[in-house]
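# Tertiary structure, described
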Amino acid sequence: MSQIIPKIIGTGSYLPEKRLTNIDLAKMVDTSDEWIFTRTGIQERRIAAEGELTSDLATIAAKRAIEAADIDPATIDLIVLGTCSGDFTFPATATIVQDKLGISATKFPAFDVTAACSGFMFALSTADAYIRAGMASRVLVIGAETMSRIMDWTDRGTCILFGDGAGAIILEATQKEENCSGVISTHIHSEGSYLKLLQTSGGISAGPPEGDNRPGLGFLTMQGNEVFKQAVKALGQIVDETLEANNLKREQLDWLVPHQANIRIIKSTAKRLKMNLDRVVLTIEKHGNTSAASVPIALDTAVRDGRIQPGQLILLEAFGGGFTWGSALIRW
Ligand code: UT7
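How each quantity is defined
Residues numbered from 1 in each chain as written. Predicted model: local features only at pLDDT ≥ 70, side-chain atom pairs only at ≥ 80, totals over all residues. Heavy atoms only, no water. Helix = DSSP H or I, 4+ residues; strand = E, 2+ residues; numbered from the N terminus. Rg over C-alpha atoms; globule rule 2.2 N^0.38 Å. Buried < 20%, exposed > 50% of the residue type's maximum accessible area, 1.4 Å probe, protein only. Contact = heavy atoms within 4.5 Å. Areas by Shrake-Rupley, 256 points an atom, 1.4 Å probe, with all protein chains shown as cover. Lys, Arg positive; Asp, Glu negative; His and termini not counted. Charge placed at Lys NZ, Arg CZ, Asp CG, Glu CD. Core = buried A, V, L, I, M, F, W, Y, C linked by side-chain atoms within 4.5 Å. Domains from an automatic or database assignment. Phe/Tyr/Trp six-rings, centres within 6.5 Å; stacked < 30°, edge-to-face > 60°. Pairing = 2+ DSSP bridges. Axes fitted to C-alpha atoms, helices over the stretch in contact; angles between N-to-C directions. Salt bridge = Lys/Arg side-chain N within 4 Å of Asp/Glu carboxyl O. Buried area = accessible area lost by both parts, 1.4 Å probe. Polar contact = N/O pair within 3.5 Å; in protein donor to acceptor, adjacent residues only side chain to side chain.

### Describing the overall build of the chain
The helix and strand inventory of the chain stands at nine helices and 13 strands. For the chain, whose C-alpha radius of gyration is 19 Å, the value lies close to the compact-globule estimate of 20 Å for 332 residues. Dimensions of the chain along its principal axes, counting C-alpha atoms only, are 60 × 50 × 35 Å. When each of the 332 residues of the chain is scored for burial, the buried share is 55%. Considering only residue pairs separated by 6 or more positions, the chain has 76% of its internal contacts joining residues 24 or more positions apart. For the chain, the accessible surface area stands at approximately 14,600 Å², while carbon and sulfur atoms represent 51% of it. Of the charged side chains in the chain, 32 are positive and 38 negative; the average position of the first set lies 5 Å away from that of the second.

The structure is reproduced here in structure tokens:
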């Protein structure tokens, strides 16, 4: 029986102009360029300008993906956007992007998915299911964040890590054929017992953090070392799960496109896959952890610079608050 699968027909990304270097951060908190770079692999991150919203970043990344795919944006029939730093509590940032792209007239569904740093993997998995079920045929999948807005700029354990950015892909329904290009499988998991290790300190329902008079609904808090250990474990398991589900050996993979949270976490996943770092797409140095935007930014970078080539097998993966983690196997 013939089967429909999604194929990636265009990618795009965007980083805000303003750079915040490790040296800048060393003037704000008790840290150093050397500590940040050796412990995380990050050199600088981008910060959205005042008034520049997650939907603005997402819209630019989306326009670049639409241009790369060479499609009429009015033919898109679903937007799924992964974010944990959307413009407003509601409506979904995806609907704002739909409007900013000028394609709301056809009234197709647009919604957000929240899975912290795994947001893009969850959005991709959702879009994949819609296409396989015949419920959508051209989907804009986005990961976009303004993490700088939920940073506690006095906490050196977190503010050195995160940055702002957006990445997007266009998926198109295609007939599955042997070794054809497309999304082969997606795998997502959640384990909701780790709230305290990685969360925001306040929220709409929970209210502002106790004893914290700063404006807003709380800041990102993290027990970095514990999160690190869990991330290494979960990502190791999910790459094995993805290979096993597809009867693949690790040496058959061409590229690993990982979530860019910490170079040491990425190296540990690469080691498990016995992959040299020259087969791993690394962009962390230039933008730090952009949460849900990190995987599509890295993917777009390697597609545009020509590293990713037709026919190659690509493994995407991410880990984030919840905990949540996910992967996707793609033939380019
Ligand atoms: O994307 C979502 C998932 N998030 C992640 O994957 C992040 C996971 N965690 C990490 O990347 C790392 O745990 C961090 C980069 C956050 C921290 O690195 P670490 O090697 O785990 O350091 P640590 O927390 O064990 O701290 C080691 C030392 C401590 O000092 P003492 O107690 O040994 O004297 C910290 O106080 O480093 C100190 N430290 C710093 N020193 C300079 C912590 N942050 C800094 C800093 N600058 N920014």
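### What to know about the nonpolar core
Soluble globular proteins: nonpolar side chains tend toward being buried together. One finds Leu124, Val139, Val141, Leu171, Val257 and Leu316 to be the most contacted residues of the largest nonpolar core, which totals 32 residues. Elements that contribute at least two residues to this core include exactly strand S4 (78-82), helix H5 (119-132), strand S6 (138-146), strand S7 (164-175), strand S11 (255-258), helix H9 (294-304), strand S12 (313-320) and strand S13 (324-331). Here this core takes seven residues from H5, the largest share from any one element. Residue-level mapping places this core at the junction of two domains, with at least three residues from each of domain 1 (4-175) and domain 2 (182-331).

### Here we look at H9
Counting buried positions over the eleven residues of H9 gives eight, a clear majority of the element. Among all positions in H9, only Ser294, Val295, Pro296, Ile297, Ala298, Leu299, Asp300 and Ala302 are buried.

### Observations regarding the packing of aromatic side chains
Scanning the model with the defined rule gives four aromatic pairs in all. Ring centres 4.8 Å apart and planes at 50° place the aromatic pair Phe319 and Phe323 in the tilted group. Of the two residues, Phe319 and Phe323, neither departs from the other in class, the shared state being buried. Ring pairs connect the aromatic residues Tyr194, Phe319, Phe323 and Trp325, which therefore count as one cluster.

### Observations concerning the sheet that holds strand S8 (residues 182-190)
One open sheet holds the four strands; their spatial order is S8-S13-S12-S11, and the pairing between them is mixed. Each of the sheet's edge strands pairs with one partner strand only, and the pair in question is S8 and S11. Recorded for the sheet is a direction-independent mean angle of 15° between the axes of neighbouring strands. Where S11 and S12 come together, four bridges link them in parallel fashion. Among the inter-strand pairings, Val257 is bridged to a residue of S12, identified as Leu316. Against the sheet, H9 engages S11 and S12, with an angle of about 140° to S11.

### Things to note about the sheet that holds S6
In spatial order, the strands read S1-S7-S6-S4-S5; together these five strands make up an open sheet with mixed pairing. Edge positions in the sheet fall to strand S1 (4-14) and strand S5 (110-113), since each of these pairs with one other strand and no more. Across this sheet, the average inter-strand angle for adjacent strands is 20°, counted without regard to direction. Two elements, S6 and S7, share nine bridges in a ladder whose sense is antiparallel. Each bridged residue has a counterpart across the sheet, and for Arg138 the counterpart in S7 is Glu172. This element, helix H3 (residues 54-69), spans S1, S4, S6 and S7 of the sheet and lies at about 120° to S1. Strands in contact with helix H4 (residues 93-100) are S4, S5 and S6; relative to S5, the strand with the most contacts, it is inclined by about 140°.

### Describing the pattern of salt bridges
When their charged atoms lie close together, side chains carrying opposite charge are able to pair. Per the counting criterion, the structure on display carries nine salt bridges. Note that Arg156 is salt-bridged to Asp30, the shortest N-O span being 3.7 Å. Of this pair, Arg156 sits in the loop between S6 and S7 while Asp30 is found in the loop between helix H1 (22-26) and helix H2 (33-40), placing the two residues 126 residues apart along the sequence. As a salt-bridge pair, Glu226 and Lys229 come within 3.0 Å of each other at their nearest N and O atoms.

### Overview of the domain arrangement of the chain
Put simply, an interface is often sized by how much accessible area is lost when its parts join up. Under the domain assignment used here, the chain contains domain 1 (4-175) and domain 2 (182-331). Taken over C-alpha atoms, the centre of domain 1 sits 14 Å from the centre of domain 2. The partner domain 2 presents 49 residues to the 56 residues of domain 1 that form the contact. Both sides together, the interface formed by domain 1 and domain 2 hides about 3,800 Å², and carbon and sulfur atoms give 63% of it. Contact with domain 2 buries area across many residues of domain 1, yet Cys117, Met121 and Phe122 alone supply 16% of it, more than any other trio. Taken together, the connections running from domain 1 to domain 2 amount to zero salt bridges. Between the two partners, domain 1 and domain 2, sit 23 residue pairs in polar contact (both at pLDDT 80 or more). Where the side of domain 1 that touches domain 2 is concerned, the elements lending two or more residues are S1, H2, strand S3 (44-47), H3, H5, S6 and S7.

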